[in-house]
Amino acid sequence: MSPFQAKALFDRGYRLAIQCLVAAPPGKFEQPPHRVTNLRNFIDAGFAVAGYVSLRPEASGSIAVDRGFVGMPLDLWSKLHFVAPDVEIPGLTLNHVLQALSRLHGLSKNTEVV
């Protein structure tokens, strides 16, 4: 998301941007390459920002959160209004979700579930 695009969305009345912090393609976790830049551009345009982490059935929910947190500048982490575990992948259990929520709370982050 370029600064121009973020500003154009803000000018159209959008106020919340939710950025993927870690994706979970089969068998691994990946940080989106532009997650930090996107968040900074949204903040500079006036948006409230939040994030989400994709959970994987073969890993604990806390590992997914840690993969989303690693490399995230602390100034940006502190500006995220919430971080949600993304629970759409088949095979996830309530335990995965509870682990993710517990870890997010341990990192002083408000949570939602998406």
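To start, this report covers the structure provided alongside it. (Residues numbered from 1 in each chain as written. Predicted model: local features only at pLDDT ≥ 70, side-chain atom pairs only at ≥ 80, totals over all residues. Heavy atoms only, no water.)

Let's talk about the pattern of salt bridges
- In total, this model carries 4 salt bridges according to the counting rule given.
- Between Arg 56 and Glu 58 there is a salt bridge; the shortest N-O distance is 3.0 Å.
- Taking the relative accessible area as the measure of exposure, Arg 56 reaches 10% and is therefore buried.
- In this structure, the salt-bridge partner of Asp 66 is Arg 103, at a minimum N-O distance of 2.6 Å. Remark: Arg 103 occurs in helix H5 (residues 94-106) and Asp 66 occurs in helix H3 (residues 61-69); sequence separation between them is 37 residues.
- A residue is classified by how much of its surface remains accessible, and Asp 66, at 28% relative accessible area, is partly exposed.
- Judged by its relative accessible area of 29%, Arg 103 falls in the partly exposed class. (Salt bridge = Lys/Arg side-chain N within 4 Å of Asp/Glu carboxyl O. Buried < 20%, exposed > 50% of the residue type's maximum accessible area, 1.4 Å probe, protein only. Helix = DSSP H or I, 4+ residues; strand = E, 2+ residues; numbered from the N terminus.)

Brief notes about H5
- A rise of 1.5 Å per residue sets the reference length of H5, with its 13 residues, at 18 Å; its end C-alpha atoms lie 18 Å apart and thus fit the reference within 8%.
- When H5 is considered as a whole, its buried residues turn out to be His 96, Val 97, Ala 100, Leu 101 and Leu 104. End-on, the buried residues of H5 take up no more than an arc of 130 degrees, which puts them together on one face. Facing away from the buried side of H5, by more than 90 degrees, are the exposed residues Leu 94, Ser 102, His 105 and Gly 106.
- Ser 108 sits one or two positions beyond H5 and adopts a positive phi of about 60 degrees. (Expected span 1.5 Å × (residues − 1). Arc of directions from axis to C-beta.)

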